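# Observations on the three-dimensional arrangement
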Amino acid sequence: MSRSPHDRLLSLARTRKLFTADHVAEAGIHSQELTRLVASGELERVARGCYRLAEAEVTEHHGLARTALVAPRGVICLLSALAYHGIGTQLPSTVWLAIERGQRAPREPGFPLTIVRYGGRAFREDIEVHPVEGQKVRVYGVAKTLADLFKARNRVGLDVALEALREAWRERRFKIPELERAARVCRVERVMRPYLEAIVS
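Conventions we followed
Residues numbered from 1 in each chain as written. Predicted model: local features only at pLDDT ≥ 70, side-chain atom pairs only at ≥ 80, totals over all residues. Heavy atoms only, no water. Helix = DSSP H or I, 4+ residues; strand = E, 2+ residues; numbered from the N terminus. Buried < 20%, exposed > 50% of the residue type's maximum accessible area, 1.4 Å probe, protein only. Contact = heavy atoms within 4.5 Å. Areas by Shrake-Rupley, 256 points an atom, 1.4 Å probe, with all protein chains shown as cover. Lys, Arg positive; Asp, Glu negative; His and termini not counted. Charge placed at Lys NZ, Arg CZ, Asp CG, Glu CD. Axes fitted to C-alpha atoms, helices over the stretch in contact; angles between N-to-C directions. Parallel < 35°, antiparallel > 145°, perpendicular 65-115°, else oblique. Phe/Tyr/Trp six-rings, centres within 6.5 Å; stacked < 30°, edge-to-face > 60°. Lys NZ or Arg CZ within 6 Å of the ring centre and 35° of its normal.

Moving on, we come to the overall build of the protein. Per the secondary structure count, the protein includes 11 helices and 8 strands. With the principal axes as the frame, the protein shows a C-alpha extent of 70 × 35 × 25 Å. Per-residue burial over the protein gives 46% buried out of 201 residues. Once local pairs closer than 6 in sequence are excluded, the contacts in the protein between residues at least 24 apart make up 56%. Taken as a whole, the protein presents about 11000 Å² of accessible surface, with 47% of it coming from carbon and sulfur. Charge separation in the protein, taken as the distance between the mean sites of 33 positive and 24 negative side-chain charges, equals 6 Å.

Listed below in structure tokens is the structure:
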């Protein structure tokens, strides 16, 4: 006996954790079923076109999972990458997302999103993929995040970049060659060198 659309949709929600109306359509389930389950309180709309089970557990990185759903080709960067790696004291109220130049940013995602545009190696270098609430979240590694912070020091604050550099070095979260490569990619070698020398000496 085939399962009802109701059961199939709940199964999809349990499997994917977060999903879109496109996922529902791909599964051959009519959008009316989605509307019905949201109205009944079994499913919850968490952002524009983004849904989950109403009783689903929310992790501290829920915003990153939602971002990966609406912008799968983007990369979590700067303050959000720093928070993900557990470095520093920043608790960003917006998700910082890197988009490759020429790519379209997500339209009206339904939650705070700060877009940064990178090109070439500055976009592609040192991308890690981590599972968060069933989503594959792309996040820059520690060394690249530190270099990005110095590149964006006028936007995020030099004090934030220095705090992160000190803490990451103290906790041995990067190797010097990794950081030097990231600094070259981001073109901040000269900017970072005196601060790095002062910290490691």
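Additional details are given in the paragraphs that follow.
Another point: the environment of Val-160. Tracing the chain through its elements places Val-160 in helix 9 (residues 158-170). Apart from the residues within four sequence positions on either side, Val-160 is in contact with Leu-79, Leu-82 and Gln-90.

Attention now goes to the packing of helix 1 (residues 5-16) against helix 3 (residues 31-40). The interhelical angle for the contact between helix 1 and helix 3, taken along N-to-C directions, is 75°, at an axis separation of 10 Å. In terms of their interaxial angle, helix 1 and helix 3 are classed as roughly perpendicular. In this structure, helix 1 uses Pro-5, His-6, Leu-9 and Leu-10 to contact helix 3, whose residues at the interface are Glu-33, Leu-34 and Leu-37.

Think of a pair of aromatic rings as described by two things: how far the centres are apart, and how the planes are tilted against each other in angle. Applying the stated criterion across every chain, the model contains 4 aromatic pairs. Between the aromatic rings of Phe-150 and Tyr-195, the centroid separation amounts to 5.8 Å while the plane-to-plane angle is 35°, which identifies the pairing as tilted. Of the two residues, Phe-150 is situated in helix 7 (residues 142-151) and Tyr-195 in helix 11 (residues 189-200); the sequence distance between them amounts to 45 residues. Residue Phe-150 is classed as buried on the basis of its relative accessible area, which comes to 0%. Across the ring face of Tyr-140, the terminal group of Lys-144 is positioned such that the distance to the ring centre comes to 3.7 Å. The ring of Trp-169 has Arg-172 lying over it, and the distance from NZ or CZ to the ring centre is 4.3 Å.

So, about the environment of Pro-92. Inspection of the secondary structure assignment puts Pro-92 in the loop between helix 5 (78-84) and strand 5 (95-100). Residues Pro-92 and Leu-78, spaced 14 residues apart in sequence, show a C-alpha to C-alpha distance of 9.8 Å. Every residue in contact with Pro-92, bar those within four places of it in the chain, is listed here: Leu-79, Ser-80 and Ala-83.

By themselves, these observations are geometric and do not establish any function.
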